[in-house]
Amino acid sequence: MLSLCSLFGLSAFGQYNLPAHQLDSLTHLLENATADTNKYALLMQLGAANHDVHPNKSVQQYSEALKIARAIGDKSRIMGCLVSIGFLYASIGEPVKAIEMNQEVLRYTEEMNEDTSMPLAFIANAYEAQGDLAQAITYARRSYWVYEKRVKDGLPCDERGYPAGPMRLGQLLEKMGQRDSAIHYAQMSLHRLLEKPFVVYDVQSWTFFYCEVCNLLGTLYSQSNLPEESLRFYRLALRKGAENEFHGLLQKTRFAMAKFYHQANQRDSAIYYATQAYEGATKTKDFEVMKNAAGLQRTIFEQLGDFKKALHYNDLAVAARDSVSGAEKVRAVQNLTHQEERRQQAIRQEMELSLVAHQNKVKMYSLLAALVGVFCLGFLLYRVLELRKMEAMRQAIAADLHDEVGASLTSIQILAQLAHHEDPARQSEALNKLPDQARRTAAALREIVWNINPKNSGLGLLISQLSRYAGEVFEKMDIQYSIHADDFPNTATLNMVTRQHLQRIFKEALNNLAKHSQASQAAVIFKKEGHELVVQVRDNGCGFDTATVRRGNGLDNMAQRAAAAGGQLSLRSSPMEGTETTLRLPLKAERAWWWAW
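Please read these numbers as outputs of a predicted model, since none were measured by experiment.

Rules of the game
- Residues numbered from 1 in each chain as written.
- Predicted model: local features only at pLDDT ≥ 70, side-chain atom pairs only at ≥ 80, totals over all residues.
- Heavy atoms only, no water.
- Helix = DSSP H or I, 4+ residues; strand = E, 2+ residues; numbered from the N terminus.
- Buried < 20%, exposed > 50% of the residue type's maximum accessible area, 1.4 Å probe, protein only.
- Contact = heavy atoms within 4.5 Å.
- Areas by Shrake-Rupley, 256 points an atom, 1.4 Å probe, with all protein chains shown as cover.
- pLDDT = per-residue confidence, 0-100.
- Patch = residues over 30% accessible without salt bridge, like charges linked within 9 Å, V, L, I, M, F, W, Y side chains within 5 Å.
- Salt bridge = Lys/Arg side-chain N within 4 Å of Asp/Glu carboxyl O.
- Expected span 1.5 Å × (residues − 1).
- Pairing = 2+ DSSP bridges.
- Axes fitted to C-alpha atoms, helices over the stretch in contact; angles between N-to-C directions.

Trainee: How should I be thinking about the overall build of the protein in this particular structure?
Mentor: A count of helical and extended segments in the protein gives 22 helices and seven strands. A total of 597 residues make up the protein; the buried ones form 43% of that total. Taking as baseline every contact in the protein between residues at least 6 positions apart, the subset at least 24 positions apart corresponds to 65%. Summed over all atoms, the accessible surface of the protein reaches about 31,900 Å², with 53% contributed by carbon and sulfur.

Trainee: Looking at this model, I keep getting lost on the environment of K259. Mind explaining?
Mentor: Topologically, K259 is positioned in helix α13 (residues 247–263). What makes K259 partly exposed here is its relative accessible area of 39%. Measuring from C-alpha to C-alpha, the distance between K259 and I271 comes to 9.5 Å, with 12 residues separating the pair along the chain.

Trainee: What's the story with the confidence of the model for the protein in this structure? I'm lost.
Mentor: Detailed conclusions should not be drawn from predicted coordinates in areas where pLDDT is low. Taken over all residues, the pLDDT of the protein has a mean of 79, while the share at 70 or more is 79%. Under a pLDDT of 50 for its full length, residues 1–15 has, in the predicted model, 36 contacts with residues more than four places off or in other chains. Low pLDDT (under 50) marks residues 590–597, which in the prediction has 10 contacts with non-local residues, meaning those over four places away or in another chain.

Trainee: Explain a nonpolar patch on the surface here, please?
Mentor: A surface patch of nonpolar side chains, about 310 Å² in accessible area, is lined by M364, L368 and L371. Position of L371 relative to the elements: it lies in helix α17 (residues 364–419).

Trainee: Looking at this structure, how should I read helix α8 (residues 133–153)?
Mentor: Residues lying three or four places apart along an α-helix face the same way, a consequence of the helix completing one turn every 3.6 residues. With 21 residues, α8 ought to run about 30 Å at 1.5 Å a step, and its terminal C-alpha atoms sit 30 Å apart, in line with that. For α8, the elements touching its buried residues are α6 (95–111), α7 (117–130), α9 (161–175) and α10 (179–195). G154 lies just past α8 and shows a positive phi near 75 degrees.

Trainee: What should I look at first to understand unusual backbone geometry in this one?
Mentor: One non-glycine residue, N113, lies in positive phi territory at about 55 degrees. With respect to the element layout, N113 can be found in the loop between α6 and α7. A relative accessible area of 67% means that N113 is categorised as exposed. For Q518, which is not a glycine, the phi torsion comes out positive at approximately 55 degrees. Along the chain, the position of Q518 falls in the loop between α20 (496–516) and β3 (521–529).

Trainee: Explain the side chain of T116 here, please?
Mentor: The residue T116 is located in the loop between α6 and α7 in this model. Sequence-distant contacts of T116, defined by excluding residues within four places in its chain, comprise L106, T109, E110 and V146.

Trainee: Quick question: what am I supposed to make of the pattern of salt bridges here?
Mentor: Side chains that carry opposite charge are capable of pairing whenever their charged atoms lie near each other. One pass over the full model with this rule turns up 16 salt bridges. E288 is the partner of K291 in a salt bridge, and the nearest nitrogen-oxygen pair spans 3.5 Å. Of this pair, K291 and E288 both sit in helix α15 (residues 287–304), three residues apart, roughly one helical turn. Each of K527, E529, E532 and R584 takes part in salt bridges that share partners, so that together they form one network.

Trainee: Explanation requested: α13 in the structure shown.
Mentor: Taking 1.5 Å of rise per residue, 17 residues should cover 24 Å, and α13 covers 25 Å from first to last C-alpha, within 8% of that figure. Residues L249, L250, Q251, T253, R254, F255, A256, M257, A258, F260 and Y261 constitute the buried set of α13. In this structure, the buried side of α13 is in contact with α11 (203–223), α12 (227–244), α14 (267–284) and α15. Of the residues flanking the end of α13, it is N265, one or two places downstream, whose phi is positive at about 65 degrees.

Trainee: I keep staring at the sheet that holds strand β4 (residues 532–539) and nothing clicks. Help me out?
Mentor: Think of a sheet as strands paired side by side through backbone hydrogen bonds, with each pair either parallel or antiparallel. Across the sheet, which stays open at both edges, the five strands sit in the order β1-β3-β4-β6-β5 with mixed pairing between neighbours. The outermost strands of the open sheet, each flanked by one partner alone, are β1 (480–485) and β5 (568–573). Each strand axis lies, on average, 10 degrees off the axis of its neighbour in the sheet, ignoring direction. Summarising the sheet, β3 and β4 pair through eight bridges and their orientation is antiparallel. Looking at β4, one finds that K528 is bridged to L533.

Dropping the structure here:
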């Protein structure tokens, strides 16, 4: 269990980052290593070093180390690899795979008759990331009970579980709305931290747990209408977090204090802490805190009647939301699909085993009937999976309506309120912005409705729509242009999510061309290369140096959407030589009617 303990610390309190020359040195040593144990150690070091910067490469290195550990037959090394891969999957938003890895760790730990409290805690964390709080609490309770029993029996166990076990239970129970139980476990964790301040391995770990517990108690006492106690614990968490530079926890505490002061109708303090949270989250790129802090300030200024500032913070909240919402939706659909595929695979394996067991006992007609039954059951299972996918797609549509149309309508509401302002200049500004905002809202709604319609799944219709949009943009900017599109068969289709990503990327590329290129000529090309759709936007404008240009949210969002759609985005530009944006997306042929039924 020593490998589990060390890896728990490594994953919980940050990966170590190595300079480029040290990474190259490790890679060179790996290429020349002959002993399996040396290869294993080097792969684990490289995986940990690449965890934050290149997570996909880190997964590959940990997986190679796992193969070596399985070949050697060393269970401790196998568990070390599984824990590392599980933490990595949890950090990149794939909780289903994280659960699989940690379930295997739990099986090995039980076989070795070791402490199972830590693997159980890992599984609880993965279920929490998946959104299944009931399962998370179940495994967290099992972890807590196992640890307490080992302490009572005098068996060896990780000392960090002494304060961490009740703290995690309190955090999960608070999310489930079980406030009284959450307070009980949070107070128990705080008492244990103060009772044995150095029970954990280092002062930094103890301080991190202390800040987490104080933040949790601040939230719980705020919910219990105990403002003085709530504020006391929030301030303790804020002070300790600032002293130890726990930036992520610090911004969450600041936002919690901003909400506390807003509920207490102390708007100046609420604005101060919300601003602090937003600025701190901007440095750490915590878009969730940025969105929440900006949304709170929008609400406060709207209540104060300062609609100009309210509109400003509404735009900031929308920008932060757009930076993460697309990838989160795609990950949610992928996780659901993966979970159902695994369930279908398990059922299919059971059916195959049952078929093998009865092959020597039944006659030919019985075997044929069983095969027909297997086909029908597989067909029904496939239909269940398709229905689940449709449900996930409906949720994505609902989220688009809430995010796109809801934010625009909020802007219209604020502009309408601003139009009643006594200042004529503000009235004129608001009235001038209202028609444009209304048109954008209508356009966003039309786009969502167009994407929903299954008649528009054909690639030809989508290319025609994008071509018309490009023509309107170029004619408005007085740019000479040409549009070329290959003939695509009716069976070439894109699903709703991919169509949406393609539309957003294409429009962002045209908007960048119109705003920044100063071009006089442009070209748009839609072509098919193998099983890929290739979309190119070219211009003869001023161009830019791709190595030195400051990348904004627009370029980052385009790259994120391309990756979420399973494609690739490339940008080629040089000063005074124009710009070329190329998007590649995989194509799938439409299924036959009897399979799509």
